[in-house]
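# Results of the structural survey
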Amino acid sequence: MAFYFSEPSHTFGEYLLVPGYSSCQCIPSNVDLKTPLVKFKRGDEPKISMNIPMTSAIMQAVSNDTMAIALAKEGGISFIYGSQSIKDQAAMVQRVKNYKSGFVSSDSNIKPTTTLNEILALLKETGHSTMAVTDDGKPTGKLLGIVTSRDYRITRMTGDEQAQTFMTPFDKLIYADADSTTLPMANDLIWQHKLNMLPLVDKKQRLRYMVFRKDYTDNKTNPLELIDKKKRYIVGAGINTRDYAERVPALLKAGVDVLCIDSSEGFSEWQKITLEYIHKNFGDDVKVGAGNVVDADGFRFLAEAGADFIKVGIGGGSICITREQKGIGRGQASAVIDVCRERDKYFDETGVYIPVCSDGGIVHDYHMLLALAMGADFLMLGRYFSRFDESPSDKIRINGTYYKEYWGEGSNRARNWQRYDLGGDKKLSFEEGVDSYVPYAGSLKDNVNVSLTKIRSSMCNCGALTLAELREKARITLVSETSIVEGGSHDVILREKFSR
């Protein structure tokens, strides 16, 4: 006979937090949102942590290299979507890793004979206005000069001029030794000589690195930025249970920091096989998240299969129609509570803490706080990030209002059959996602800062200064439909309803 859960399946919108005692230390500026991304043993530190509990979803309409850079600046991680060719996904990862590392390998290189028209085409392709002129046009060739936008005037040139005729030649450059110059030394030279970029060369004048003024400025304006030991942004990537043997090594070569199996349902032998293959062939230092699951049994299965973090949620995303198409899923709040309870039980038994990611079901900012209070270590957000400038989808204007395009991986537009793969034909048999629009919201930085300000403020109301404290001290209550109405503005006419 079928098993029946004893209580209804609940969503975040059915709960509220009850305030707790707040000491005079409970002010938003004292709140620390640092959270583990991957599993660790009791007494140890996780290999990767985040400074804010936010990751962007593994979706075509959400997570590309632009999103990854913007989110890493704020302290979170993007998982670049895997429903593209291995080459293209690896290239996105590489662009993130090369974007900022203090010492940057040059990725916009030209020969002395490169024409202005070719330079302008490269500028349009990469967005980089500073280009190294090397003898062979390669990143590590002999440095002959530098071309920046200050070296040419399009209106007074034909476009056929060669770089060697207008570049700043090497003998007029201020440069430093690549083997002996530290990053603080490079930054001092940049400020002393009022440079935008300092090239570092070896004894044979071969270009090794570039150090940019803007990277120093970014570091000061983004105190929570998430970087690795080489000062490169941390980035993740989505993989599937089909081509992992080819995709994973390409992503590792590109520099990816963490992987995540992208699947609508993770309680599957296919995920176990994938996890075991990766750890056997690439080692336990390669961190791989898995999911999605919605109950304790699913968590336990993936934990024992070797998952480094586990995603929770089926059918709760704003563009997901899995529940209405297949009748599969669970209310996100109930799923998070159940899985996190099993996470804590597993930790008590084994001494291994496996972070839980709540994926889906977030409508309002306070839902983020509820997910964290219920036990989630971090969130994966799709619709939320799709609204911003940095998402890869187009911004369009409809009836005077701006929107961003947003589509599910299970839609006919994405046709990501690997995400919904059950081992059959290599095709998407029916849709499990929709193609839609979301209201355009502006920049990621501005919106994330507002959301995090709300979370920090509410944590103080609960008497918590860390996410671990929040999970321990939170008091959560179910609410009735009437109290939900009471919680918003009511029995008044808002001024915005009247036009002047």
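The sections below set out a description of the structure shown in this document. (Residues numbered from 1 in each chain as written. Predicted model: local features only at pLDDT ≥ 70, side-chain atom pairs only at ≥ 80, totals over all residues. Heavy atoms only, no water.)

### Examining the overall build of the chain
On a plain count of helices and strands, the chain comes out with 15 helices and 24 strands. Taken along the three principal axes of its C-alpha coordinates, the chain extends 80 × 65 × 50 Å. Burial statistics for the chain: of 500 residues in total, 53% are counted as buried. Here the chain has roughly 24,400 Å² of accessible surface; of this, 50% comes from carbon and sulfur atoms. Where the 63 positive side-chain charges of the chain centre and where its 64 negative ones centre are 5 Å apart. (Helix = DSSP H or I, 4+ residues; strand = E, 2+ residues; numbered from the N terminus. Buried < 20%, exposed > 50% of the residue type's maximum accessible area, 1.4 Å probe, protein only. Areas by Shrake-Rupley, 256 points an atom, 1.4 Å probe, with all protein chains shown as cover. Lys, Arg positive; Asp, Glu negative; His and termini not counted. Charge placed at Lys NZ, Arg CZ, Asp CG, Glu CD.)

### Considerations on the nonpolar core
When a protein is soluble and globular, its nonpolar side chains tend to lie buried together. Ranked by size, the top nonpolar core spans 104 residues in total, and within it Leu 37, Met 54, Leu 259, Phe 385 and Leu 470 carry the most contacts. Among residues more than four places away in sequence, those in contact with Leu 259 are Phe 79, Ala 237, Ile 239, Val 248, Leu 251, Val 286, Lys 287, Val 288, Gly 289 and Phe 309. (Core = buried A, V, L, I, M, F, W, Y, C linked by side-chain atoms within 4.5 Å. Contact = heavy atoms within 4.5 Å.)

### A look at unusual backbone geometry
Of the consecutive residues Gly 291 and Asn 292, the connecting peptide bond is found in the cis state with omega at 10°. Locating Asn 292 in the fold gives a position in strand S16 (residues 288–293). Positive phi, normally seen in glycine, also occurs at Lys 231, with a value near 65°. Positioned with a positive phi, Asn 399 is a non-glycine residue whose angle comes to about 50°. Tracing the chain through its elements places Asn 399 in the loop between strand S21 (395–398) and strand S22 (401–407). Here Asn 399 falls in the exposed class, since its relative accessible area comes to 80%.

### Description of the pattern of salt bridges
Any two side chains of opposite charge can pair, on the condition that their charged atoms come close. The tally for this structure, following the rule as stated, stands at 20 salt bridges. Across the salt bridge formed by Arg 208 and Asp 179, the nearest N and O atoms sit 3.2 Å from each other. Of this pair, Arg 208 sits in strand S13 (residues 207–212) while Asp 179 sits in the loop between strand S11 (176–177) and helix H4 (183–192); the two residues are 29 residues apart in sequence, bridging distant segments of the chain. A residue is classified by how much of its surface remains accessible, and Asp 179, at 53% relative accessible area, is exposed. A salt bridge links Arg 330 to Asp 338, with the nearest nitrogen and oxygen atoms 2.8 Å apart. Both residues of the pair, Arg 330 and Asp 338, belong to the buried class. Each of Lys 97, Asp 228, Arg 232 and Asp 257 takes part in a single network of salt bridges with overlapping partners. (Salt bridge = Lys/Arg side-chain N within 4 Å of Asp/Glu carboxyl O.)

### Quick notes on the pairing of S21
Here S21 runs beside S22; their pairing, made up of 4 bridges, is antiparallel. From the neighbouring strand, Ile 398 faces S22, where its bridge partner is Thr 401. Linkage of S21 to S22, two consecutive antiparallel strands, is achieved through a turn of 2 residues, within which Asn 399 is found at a positive phi near 50°. (Pairing = 2+ DSSP bridges.)

### Points about the environment of Val 38
As for its position among the elements, Val 38 is in the loop between strand S2 (35–36) and strand S3 (40–41). If sequence neighbours within four positions are ignored, Val 38 has contacts with Pro 46, Lys 47, Ile 48, Val 258, Lys 287, Asp 308, Phe 309 and Pro 355.

### Overview of the sheet that holds strand S9 (residues 143–147)
The strand order S7-S8-S9-S10 describes an open sheet built from 4 strands, whose pairing is mixed. Here the strands that pair on one side only, and so sit at the sheet edges, are strand S7 (109–110) and strand S10 (168–169). Relative to S9, strand S8 (residues 131–134) is paired through 4 bridges, and the arrangement is antiparallel. The residue of S9 that forms the bridge with Thr 134 is Leu 143.

### Describing helix H10 (residues 332–350)
Between its terminal C-alpha atoms H10 stretches 26 Å, which fits the 27 Å expected from 19 residues at 1.5 Å a residue. The set of residues buried in H10 consists of Gln 332, Ala 333, Ser 334, Ala 335, Val 336, Asp 338, Val 339, Cys 340, Glu 342, Arg 343, Tyr 346 and Phe 347. (Expected span 1.5 Å × (residues − 1).)

### Here we look at helix H8 (residues 296–305)
Because the α-helix completes a turn every 3.6 residues, residues three or four places apart line up on one side. The element H8 is extensively covered by neighbouring structure, given that 7 of its 10 residues are classed as buried. Of the positions making up H8, those classed as buried are Ala 296, Gly 298, Phe 299, Arg 300, Leu 302, Ala 303 and Ala 305. Buried residues along H8 sit in contact with helix H7 (269–282), S16, strand S17 (309–312), H10 and strand S19 (356–359). Phi turns positive, to about 110°, at Gly 306, one or two residues after H8.

### Topic: the sheet that holds S13
Spatially, the 3 strands line up as an open sheet ordered S11-S12-S13, and their pairing is mixed. With partners counted over all chains shown, the strands left at the sheet margins are S11 and S13, one partner each. Bridging between strand S12 (residues 197–201) and S13 involves 5 bridges; their strand directions are antiparallel. The partner of Leu 198 across the bridge, within S13, is Val 211. Sitting on the sheet, H4 is in contact with S11, S12 and S13, with an inclination near 65° to S13. (Axes fitted to C-alpha atoms, helices over the stretch in contact; angles between N-to-C directions.)

### As for the environment of Gln 192
Counting through the fold element by element, Gln 192 comes out in helix H4. In this structure, the C-alpha to C-alpha distance between Gln 192 and Asp 44, residues 148 residues apart in sequence, is 42 Å.

### Considerations on the state of the cysteines
Cysteine pairs can be linked by a disulfide, which is a covalent bond between their two sulfur atoms. Counted according to the given criterion, the structure contains 0 disulfides. Take Cys 340: it sits in no disulfide, and the sulfur closest to it among the cysteines is that of Cys 357, at 10 Å. By relative accessible area, which is 2% here, Cys 340 ends up buried. (Disulfide = S-S within 2.5 Å.)

### What about the packing of aromatic side chains?
Per the counting criterion, the structure on display carries 15 aromatic pairs. Taken together, a centroid distance of 5.0 Å and an interplanar angle of 85° make the contact between Tyr 384 and Phe 385 edge-to-face. In this structure, Tyr 384 and Phe 385 share a single accessibility class: buried. When the ring of Tyr 384 is compared with that of Phe 388, the centres are 5.2 Å apart and the planes differ by 85°; the resulting orientation is edge-to-face. By relative accessible area, which is 0% here, Phe 388 ends up buried. Ring pairing ties together the aromatic residues Phe 40, Phe 347 and Tyr 353, which thus form one cluster. Its guanidinium or amino end placed over the ring of Tyr 402, Lys 395 lies 5.1 Å from that ring's centre, counting from NZ or CZ. (Phe/Tyr/Trp six-rings, centres within 6.5 Å; stacked < 30°, edge-to-face > 60°. Lys NZ or Arg CZ within 6 Å of the ring centre and 35° of its normal.)

### Let's talk about the packing of H7 against H8
At a minimum axis distance of 9 Å, the contact between H7 and H8 shows a crossing angle of 25°. Considering their axes alone, H7 and H8 lie roughly parallel with respect to each other. Our pair here, H7 against H8, has a crossing hand that is right-handed. Listed contacts from H8 to Glu 269, Gln 271, Lys 272, Leu 275 and Glu 276 of H7 are Phe 301, Leu 302 and Ala 305. Grouping the amino acids of the contact of H7 with H8 by side-chain chemistry returns 4 nonpolar, 1 polar and 3 charged. (Parallel < 35°, antiparallel > 145°, perpendicular 65-115°, else oblique. Left-handed = near helix turned anticlockwise from the far one by under 90°. Nonpolar A, V, L, I, M, F, W, Y, C, P; charged D, E, K, R; others polar.)

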